[in-house]
Amino acid sequence: MRIIAAFKKTGGARHISHLDLQRAVQRALRRSALPVRYSLGFSPHPVLSFASALSLGFTSLGEVMDVAMAESVSAAEFEERMTVQLPPSLALVSAHEVEDDYPGLMALVESADYEVLAKVEADLTFDELKTRINTVLSRPILAEKKTKAGIKELDLREQVLSLELCALDGGIARFFARCDCSPTGALNPRLLFDAVAKSLGITEEPEYCRLALWADKIGSMPLWGGKEPKD
């Protein structure tokens, strides 16, 4: 069996790399004494994977990991043991039992939700900023991305599933963005907001928080939400 667990990445944890995150979780699993399945070979390690690597500097309220178990363990026991081993900045949110033939997380992810806080031009009103968002979404969103083949110009518009203004207070705008996060077209919101910063009147580098990862494009199915087992 496997456990799919949701956890946060907040505070100082925003500055640790994905590799360091893996190491921190592996250490917590060892201390928990849970019957985790280990890899074979010269240097065995817990069989562990994550749904989607989070960019350095981002916080998150909805990271998801997949832990293979050597013996049957309830979600409640996993949550109880891991909660005391993980630091507050990597706090466990929930745990869910799935069978070994349940699809892998990276194949399941279709979209990701983000909260983006950005300082904008002081004279912008809420309605004016909403109008600017509508204008941005009505046309191609062009951006340059570095690839192995060199710099490539992309149109990000199709990967933006939703972009909304939630609040504007004291020159700080709070945006909600749902981005494609599928294996064929994952969109980093930093690339998106770099591309639209001038159009939206953003004057400083925004702060990013990932809210959730979804197994569909509309934000209704969590990664443990009942996808059909793989053949």
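To be clear, the structure that these remarks concern was listed above.
> Kindly report on the packing of aromatic side chains, identifying the contributing residues and their values.
Summed over the entire model, instances satisfying the criterion amount to 5 aromatic pairs. Ring geometry for F58 against Y208: centres 4.7 Å apart, planes inclined by 15°, an arrangement best described as stacked. Here Y208 lies in strand β10 (residues 207-214) and F58 lies in the loop between β2 (48-50) and β3 (59-68), a separation of 150 residues in the sequence. Following the ring pairs from residue to residue traces out a cluster consisting of F58, Y114, F175, F193 and Y208.

> Can you lay out the nonpolar core for me, pointing to particular residues and giving the numbers?
Counting residues in each nonpolar core, the largest one holds 41 residues, and the members touching the most others are F175, F193 and L223. Residues L21, L34, L86 and A95 belong to the second largest nonpolar core, which totals 25 residues.

> Could you give an account of the environment of L86, with specific residues and numbers?
Note on placement: L86 falls in the loop between α2 (75-83) and β4 (92-98). The spacing of L86 and A28 is 58 residues in sequence and 5.9 Å in space, taken between C-alpha atoms. Setting aside anything within four residues of it in sequence, one finds L86 in contact with A28 and L92.

> Which residues make up a negative patch on the surface, and what values do they have?
A cluster of acidic residues, E144, E153, D155 and E158, forms a negative patch on the protein surface. Mapped onto the secondary structure, E153 falls in strand β7 (residues 150-155). On the accessibility criterion, E153 (56% relative accessible area) is exposed.

> With reference to specific residues and values, describe helix α4 (residues 126-137).
Between its first and last C-alpha, α4 extends 17 Å over 12 residues, near the 16 Å set by a 1.5 Å rise per residue. Within the span of α4, buried status applies to L129, I133 and V136. Burial along α4 is one-sided: seen end-on, the buried residues are contained in an arc of 60°. Counted as exposed and oriented over 90 degrees from the buried face of α4: D127 and N134. Packing partners of the buried residues in α4 comprise β8 (160-169), β9 (172-180) and α5 (189-200).

> Mind laying out the packing of α4 against α5, listing which residues take part and the relevant values?
Between α4 and α5, the shortest axis-to-axis distance is 10 Å and the interhelical angle comes to 130°. It follows that α4 is oblique to α5 by the angle criterion. Considering how the two elements wind past one another, α4 and α5 form a crossing that is right-handed. Here L129, R132, I133 and V136 of α4 come into contact with α5, specifically with V196, K198, S199 and L200. Per-class residue counts for the contact of α4 with α5 are 5 nonpolar, 1 polar and 2 charged.

> Hey, could you go over the pattern of salt bridges for me, with residue numbers and the actual values?
Tallied over the entire structure, the rule returns 12 salt bridges. The partner of R178 in a salt bridge is D113, with the nearest N and O atoms 2.6 Å apart. Remark: D113 occurs in strand β5 (residues 111-119) and R178 occurs in strand β9; sequence separation between them is 65 residues. Take R178: its relative accessible area is 14%, and that puts it in the buried class. Classification of D113 by relative accessible area gives buried; the value is 5%. R174 is the salt-bridge partner of E115, the closest N and O atoms lying 3.7 Å from each other. Taken together, the residues E115 in strand β5 and R174 in strand β9 connect sequence positions 59 residues apart. Relative accessible area serves as the criterion here: at 25%, E115 is assigned to the partly exposed category. The exposure class assigned to R174 is partly exposed, which follows from its relative accessible area of 33%.

Parameters and conventions
Residues numbered from 1 in each chain as written. Predicted model: local features only at pLDDT ≥ 70, side-chain atom pairs only at ≥ 80, totals over all residues. Heavy atoms only, no water. Phe/Tyr/Trp six-rings, centres within 6.5 Å; stacked < 30°, edge-to-face > 60°. Helix = DSSP H or I, 4+ residues; strand = E, 2+ residues; numbered from the N terminus. Core = buried A, V, L, I, M, F, W, Y, C linked by side-chain atoms within 4.5 Å. Buried < 20%, exposed > 50% of the residue type's maximum accessible area, 1.4 Å probe, protein only. Contact = heavy atoms within 4.5 Å. Patch = residues over 30% accessible without salt bridge, like charges linked within 9 Å, V, L, I, M, F, W, Y side chains within 5 Å. Areas by Shrake-Rupley, 256 points an atom, 1.4 Å probe, with all protein chains shown as cover. Salt bridge = Lys/Arg side-chain N within 4 Å of Asp/Glu carboxyl O. Lys, Arg positive; Asp, Glu negative; His and termini not counted. Charge placed at Lys NZ, Arg CZ, Asp CG, Glu CD. Expected span 1.5 Å × (residues − 1). Arc of directions from axis to C-beta. Axes fitted to C-alpha atoms, helices over the stretch in contact; angles between N-to-C directions. Parallel < 35°, antiparallel > 145°, perpendicular 65-115°, else oblique. Left-handed = near helix turned anticlockwise from the far one by under 90°. Nonpolar A, V, L, I, M, F, W, Y, C, P; charged D, E, K, R; others polar.

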